[in-house]
Amino acid sequence: MKKTFIDIDYGFIPKFGQIVCGDVFLSEKIKNENRLVAVLSDGLGSGIRANILANMTATMALNFTINDQPIERSATSIRDTLPVDPQRKIAFASFTIVDTEFDGKTRIIEYGNPQFLVFRKNELLALEHQVLADGEVSITEFQTQKEDRIVLFSDGVSQSGIGRKDMPFGWETDQMGGVISQIIEKNPGISAYELRKRIISQSVLNDIGKPSDDITCAVLYFRNPRKLLVCTGPPFSKSKDEEMAATIREFEGRTVLCGGTTAVIVAREWGEQIEVDMKNFTSDIPPISYINGVDLVTEGILTLCKAAELLKHGNYEDAARHDPARLVIEEFLSHDHIEFLVGTKINEAHQDPSLPVELEIRRNVIKKIAYLLEKKYLKEASLKYI
Amino acid sequence: MKKHKVVVCTGTLCHVLGGSELPSLGQRLPEEWRGLVDIKGSPCMGYCKDSEMHPPFVEIDGEVMQEASVSKVLEYLEKRIGHGTK
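Each chain has its residues counted from 1, following the order in which its sequence is written. As they are written, the chains are lettered A onward and the ligands numbered 1 onward, keeping that order. The model is predicted, so local features are restricted to residues of pLDDT at least 70 and side-chain atom pairs to those at 80 or more, both for listing and for counting; the totals for chains, interfaces and linings are taken over all residues. Here the side-chain values reflect all heavy atoms present in the structure, with hydrogen atoms and water set aside.

### Considering the overall build of chain A
Line of reasoning, step 1. Note on conventions: DSSP H or I runs of at least 4 residues are helices, E runs of at least 2 residues are strands, and numbering of each starts at the N terminus. Counting secondary structure elements, chain A contains 10 helices and 18 strands.
Line of reasoning, step 2. Think of it in three bands: residues with accessible area under 20% of the maximum for their type are buried, residues over 50% are exposed, and the middle band is partly exposed, with areas taken using a 1.4 Å probe on protein chains only. For chain A, with 386 residues in total, the buried portion stands at 53%.
Line of reasoning, step 3. Surface accessibility follows the Shrake-Rupley procedure with a 1.4 Å probe radius. Residue values consider only the protein chains on display as shielding. Surface summary for chain A: the accessible area is close to 18000 Å², and the carbon and sulfur share equals 51%.

### Focus: the overall build of chain B
Line of reasoning, step 1. A count of helices and strands for chain B gives three helices and four strands.
Line of reasoning, step 2. N-terminal to C-terminal, the α/β element order of chain B is β-α-α-β-β-β-α.
Line of reasoning, step 3. Taking the contacts inside chain B whose residues are at least 6 apart along the sequence as the reference set, 61% of them involve residues at least 24 apart.
Line of reasoning, step 4. For chain B, the exposed area adds up to about 4400 Å²; of that, 48% sits on carbon and sulfur atoms. When checking whether two residues touch, look at their non-hydrogen atoms; a contact exists if any pair is within 4.5 Å.

### With respect to the environment of N122(A)
Residue and element names in this part refer to chain A.
Line of reasoning, step 1. Within the secondary structure, N122 is located in the loop between β6 (117-120) and β7 (123-124).
Line of reasoning, step 2. With relative accessibility at 27%, the residue N122 sits in the partly exposed group.
Line of reasoning, step 3. Considering only alpha carbons, one finds N122 and I184, 62 residues apart in sequence, at a separation of 5.4 Å.
Line of reasoning, step 4. In this structure N122 touches S181, I184 and E185, once residues within four positions along its chain are discounted.

### Regarding the pattern of salt bridges
Residues and elements named next belong to chain A.
Line of reasoning, step 1. For this document, the term salt bridge refers to a Lys or Arg side-chain nitrogen within 4 Å of an Asp or Glu carboxyl oxygen. For the coordinates displayed, the defined rule picks out 21 salt bridges over all chains.
Line of reasoning, step 2. Between R254 and D295 there is a salt bridge, and its shortest N-O distance comes to 3.7 Å. One end of the pair, R254, is in strand β13 (residues 254-258); the other, D295, is in the loop between β15 (289-291) and β16 (296-298), with 41 residues separating them in the sequence.
Line of reasoning, step 3. Using a relative accessible area of 35% as the deciding quantity, one classes R254 as partly exposed.
Line of reasoning, step 4. Counted as one network, the salt bridges with shared partners bring together D7, R223, D336 and K379.

### Observations concerning the interface of chain A and chain B
Line of reasoning, step 1. Every contact between the two is made by 27 residues of chain A and, on the other side, 20 residues of chain B.
Line of reasoning, step 2. Here the buried area means the combined drop in accessible surface, using a 1.4 Å probe, for two parts upon being joined, counting both sides. Interface of chain A and chain B: buried area, both sides summed, is about 1700 Å²; carbon and sulfur atoms make up 70% of it.
Line of reasoning, step 3. Inspection of the chain A/chain B interface yields zero salt bridges.
Line of reasoning, step 4. Going through the elements one at a time, α7 (260-270), β14 (274-276) and α8 (301-313) of chain A are the ones with two or more residues in the side of chain A that touches chain B.
Line of reasoning, step 5. Ten residue types, Ala, Val, Leu, Ile, Met, Phe, Trp, Tyr, Cys and Pro, are classed as nonpolar, four, Asp, Glu, Lys and Arg, as charged, and the remainder, Gly among them, as polar. The class makeup of the residues in the side of chain A that touches chain B is 15 nonpolar, seven polar and five charged.

### Observations regarding helix α1 (residues 47-66) of chain A
Residues and elements named next belong to chain A.
Line of reasoning, step 1. For a helix, the expected span equals 1.5 Å multiplied by the number of residues minus one. If you check α1, its first and last C-alpha atoms are 28 Å apart, about what 20 residues at 1.5 Å a residue would give, namely 28 Å.
Line of reasoning, step 2. The complete set of buried residues in α1 reads G47, A50, N51, L53, A54, T57, A58, M60, A61, L62, T65 and I66.
Line of reasoning, step 3. Lining the buried residues of α1 we find β2 (23-30), β3 (35-43), α2 (71-81) and β4 (93-101).
Line of reasoning, step 4. Just downstream of α1, D68 is the residue with a positive phi angle, here 55°.

### Examining the confidence of the model for chain B
Residue and element names in this part refer to chain B.
Line of reasoning, step 1. A residue's pLDDT is the confidence the predictor assigns to it, expressed on a 0 to 100 scale. Looking at chain B as a whole, its pLDDT mean stands at 84, while 94% of the residues score no less than 70.
Line of reasoning, step 2. When mean pLDDT is compared element by element in chain B, strand β3 (residues 58-60) scores highest at 90, while helix α2 (residues 25-28) scores lowest at 84.
Line of reasoning, step 3. Prediction confidence for the complex, expressed as pTM and ipTM, is 0.67 and 0.85 respectively.

### Comments concerning the pairing of strand β12 (residues 227-232) of chain A
Residue and element names in this part refer to chain A.
Line of reasoning, step 1. Of all six residues in β12, five are buried; the element is thus mostly enclosed.
Line of reasoning, step 2. Bridge analysis of β12 against strand β17 (residues 337-342) gives six bridges, and the strand direction is parallel. When the sheet's bridge partners are listed, L228 is paired in β17 with I338.
Line of reasoning, step 3. DSSP calls a pair of strands paired once it identifies at least 2 bridges connecting them. Pairing analysis gives five bridges linking β12 to β13, with the strands arranged parallel. Residue pairing in the sheet places T232 in a bridge with C258 of β13.

Here it is, written out as structure tokens:
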């Protein structure tokens, strides 16, 4: 049996008028235990104070869980550590912890957040949960299967649209479950990234464009790993050109080419034409091209450098829809395992010291991207040099 | 009448050495020339491998123009097409 991959993504939009979100989502894959722990925390109020409360809570909850501390003890420690709000005289941040092993054994601990949703394909599961002694912490234990999705969200999502005539109590969980189930029914393979984006934009829509609370949504999607091949740079020796072109042709999954010369080599080896997209372009990086049989063709180093920067800061959605760097990132984020095939031939034309410093060494940029994808976006990345 | 064939290099080096405006050539072309000129792009035409040549490159009817810019290409086309518009 193929091993399960957990595709995970989250996004947030702060309350209208705030620049910082008061909800925090943290996750970590523990590679040698085949385990993933994720925490969504919602701090009291909004803005910086809420963000600090949520950040402290999420960090503590994540570390306590990774170290297998009993939940009662974690909850007490968190409660005792949080700073007290001077006005309301309480310290509060709700949290949901997902602790899942790759074989499917999953435990979800919830305190104060709206009830998470679990979908098996497009069907909403009704799971039993036990409530701990103090009546506030609930624990749900179940076995996940492939094609299951866990949807976590803050009350900004479930209460979006509250007070509207057509939805006086906001976007209630039942209604939300129905909408998500329909989305999954229409797009059975929808990625965590796409699904959470749809949920967030619907919440913002419910609030008529002005979120009345911080909106955060995270999706964990259990599935067969989706593979992406990113091929960049000409092979060190010309005799390997054929091998590179064959690797791309035989790859099971989507393929991306980053590099002008690389594109020329592949097109030559395959006997295909290259068409450059002269309609959509941005001024800072060269446009994309089309080769029959490749899913995306972009320029090399400038596009990759920009993609690395956008990945680092997480602001890729600010880039134009047709921005080549954003297109590359969207490919990265909708896949689970990203294989880089890096050509090691040095482009003599790029070695002139008078050229802009942006012309970094390809291998370094790829290493940086692979690191970011693994650490920040919880993907699996592998590098192969040719 | 045969169309004039223009190929713009959109490679890395041409882009950083002043060619970032070149992809917009099609939009900057005067209306009356649109039927006379065929503009295409190339991911890299390979001229940059020759250290004697100066990017950005544009090929017009098979001839290479070095240190090309939108205005230089338009000027050249004006001569070729033969009836000045500006």
